[in-house]
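Fold and contact review
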Amino acid sequence: MTTHAELPALYDRLLGDEKHHLAATSTLDVLWVLYDRVLRVDPARPDAPDRDRFLLSKGHGPMAYYAVLAAKGFLNPSTLDSWLDFGSILGYHPDRTLIPGVEIGSGSLGHGLPIALGQAIGLSGPRVFVLLGDGELDEGSNHEAIAVAGRRGQANLTAVVVDNASATHGWPGGIAARFAVEGWVTATADGRDHDALERALTTDHPDAPLAVVAEIREN
């Protein structure tokens with residue numbers, strides 16, 4: 001297994017998609033904390049029925065995701081060197097049929113949270129985590145899922161919103177308020193502070209879904 005100190009070197013092997021570079025780097029610490037401290041997943045058993053499910057809704061620019069999967073043993077680090085090559089398993093959007101540990105093919109905005117809600121309902125026991133971008137919350141499908149999950153008290157569902165102030169419209173009172181008004185438990189943390197992220201991601205929420213807002217305020 002790779003340490004966090006070695007993670008930037010893995011990420012640096014995934015160059016060439018400058019359009020999505022900032023979108024990817026904004027998720028790097030959240031992904032690391034999830035896979036290092038929170039998720040119950042095993043690279044030796046990526047399809048274990050009782051595993052936690054992690055869905056990357058923010059699937060455009062998945063370089064940070066690939067780096068963390070390699071760091072945690074789901075991918076051979078040498079696979080990162082095939083990024084952008086014809087025939088590589090590492091596409092511009094992750095592909096669940098090609099990459100161990102990937103739960104959905106994603107990248108089109110607004111799909112991840114509704115899928116995560118459906119999985120959480122169907123699975124009952126295992127926990128389901130989904131990572132979204134703040135701009136992605138402009139999509140109406142997310143607001144429907146937020147409302148339904150809150151009404152159901154879907155306690156095995158956690159939505160992580162990486163807030164890098166990229167949303168076009170925003171929400172009165174902030175992102176956390178948008179979830180709280182629908183009955184979600186909410187927590188906000190510095191998106192680069194690993195201990196704060198861990199505390200937020202492990203907030204007790206026995207009767208409601210959890211929304212964690214990871215704030216990224218970098219120029």
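What this report covers is the structure whose coordinates are included nearby. Given the structure is predicted, the values throughout are model-derived calculations rather than measurements. Once a new chain begins, its residue numbering starts again from 1 and follows that chain's sequence as written. In keeping with the model being predicted, local features are shown solely for residues with a pLDDT of at least 70 and side-chain atom pairs are shown and tallied solely at 80 or more, while totals for entire chains, interfaces and linings include all residues. Values reported for side chains reflect all heavy atoms of the structure, with hydrogen atoms and water molecules removed beforehand.

**Some details on the packing of aromatic side chains**
- For Phe, Tyr and Trp, rings pair up if their centres lie within 6.5 Å, where Trp contributes its six-membered ring, and each pair is then called stacked (planes under 30 degrees apart), edge-to-face (over 60) or tilted (otherwise). One pass over the structure, following the stated rule, counts seven aromatic pairs.
- Taking 6.5 Å as the distance between ring centres and 50° as the angle between the ring planes, the aromatic pair formed by Y35 and Y65 counts as tilted. Here Y65 lies in helix α4 (residues 63–71) and Y35 lies in helix α3 (residues 28–38), a separation of 30 residues in the sequence. In terms of burial, Y35 and Y65 fall into one category: buried.
- Look at Y66 and W83: their rings are 5.8 Å apart centre to centre, the planes differ by 70°, and that puts the pair in the edge-to-face class. With a gap of 17 residues between them, Y66 in helix α4 and W83 in the loop between α4 and α5 (112–123) connect regions that are remote in the sequence.
- Per-residue accessibility, obtained with a 1.4 Å probe over protein chains only, is compared with the maximum for each type, and a residue is labelled buried under 20%, exposed over 50%, and partly exposed between these values. Judged by relative accessible area, W83 falls into the buried class, the value being 5%.
- A connected cluster of aromatic rings, assembled from ring pairs, spans Y35, F54, Y65 and F74.
- Taking the ring centre of W32 as reference, the NZ or CZ of K72 above it sits at 4.3 Å. Labels follow the DSSP assignment, with helices taken as runs of H or I lasting at least four residues and strands as runs of E lasting at least two, numbered in each case from the N terminus. To sit over a ring, a charge needs its Lys NZ or Arg CZ within 6 Å of the ring centre and within 35 degrees of the ring normal.

**With respect to the side chain of S82**
- Mapping S82 onto the fold places it in the loop between α4 and α5.
- Polar contact is the term for a pair of N or O atoms within 3.5 Å; when the atoms are in protein, one must be able to donate a hydrogen and the other to accept it, and sequence-neighboring residues count only if both atoms are side-chain atoms. A polar side-chain atom of S82 sits 2.7 Å from the main-chain carbonyl oxygen of T79.
- Residues count as neighbours in contact if any of their non-hydrogen atoms are within 4.5 Å of one another. If near-sequence neighbours (up to four positions away) are discounted, S82 is found in contact with S88 and L90.

**Details of the pairing of strand β1 (residues 53–56)**
- Judged by which residues are buried, β1 turns out to be covered on both faces: R53 and L55 on one side and F54 and L56 on the other are all buried.
- Here β1 runs beside strand β2 (residues 128–133); their pairing, made up of four bridges, is parallel. Following the sheet pairing, F54 is matched in β2 by F129. If DSSP finds at least two bridges between two strands, the strands pair.

**Some points on the packing of α5 against helix α6 (residues 140–152)**
- The angle between two axes is taken between their N-to-C directions and runs from 0 to 180 degrees, where each axis is a line fitted to C-alpha atoms and a helix contributes only its stretch in contact. With their axes 8 Å apart at the nearest point, α5 and α6 run at an angle of 25° to one another. Classified by the angle between their axes, α5 and α6 sit roughly parallel to one another. Crossing angle aside, the handedness with which α5 passes α6 is left-handed. For the pair α5 and α6, contact is made by L113, P114, L117 and I121 and by S141, N142, A145, I146, V148, A149 and R152, respectively.
- Amino acid classes used here: Ala, Val, Leu, Ile, Met, Phe, Trp, Tyr, Cys and Pro are nonpolar; Asp, Glu, Lys and Arg are charged; the rest, including Gly, are polar. Here the contact of α5 with α6 is composed, by residue class, of eight nonpolar, two polar and one charged. What sets the label is the angle itself: under 35 degrees gives roughly parallel, over 145 gives roughly antiparallel, 65 to 115 gives roughly perpendicular, and the rest give oblique. When the near helix sits turned anticlockwise from the far one by under a right angle, the crossing is termed left-handed; a clockwise turn instead gives a right-handed crossing.

**Focus: the packing of α3 against α4**
- At their nearest, the axes of α3 and α4 sit 9 Å apart, and the two run at 30° to each other. The angle between α3 and α4 places the two elements in the roughly parallel class. The hand of the α3/α4 crossing is right-handed. Counting all contacts with α3, which are made through L28, L31, W32 and Y35, the residues of α4 involved are A64, Y65, V68, L69 and A71.
- In terms of residue class, the contact of α3 with α4 is built from nine nonpolar, no polar and no charged.

**Examining the pattern of salt bridges**
- By convention in these notes, a salt bridge is any Lys or Arg side-chain nitrogen within 4 Å of a carboxyl oxygen on Asp or Glu. According to the stated counting rule, one finds 11 salt bridges in the structure shown.
- One salt bridge in this structure joins D36 and K72, with 2.5 Å as the shortest N-O distance. Pair noted here: D36 is in helix α3 and K72 is in the loop between α4 and α5, with a separation of 36 residues, a long-range link.
- In this structure D36 comes out as partly exposed when scored by relative accessible area, which is 36%.
- With its nearest N and O atoms 3.8 Å apart, the salt bridge here joins D52 to R40. Taken together, the residues span a long stretch of sequence, with D52 in the loop between α3 and β1 and R40 in the loop between α3 and β1 at a distance of 12 residues.
- Given the relative accessible area of 1%, D52 is considered buried.
- Looking at R40, the relative accessible area reads 52%, which means it is exposed.

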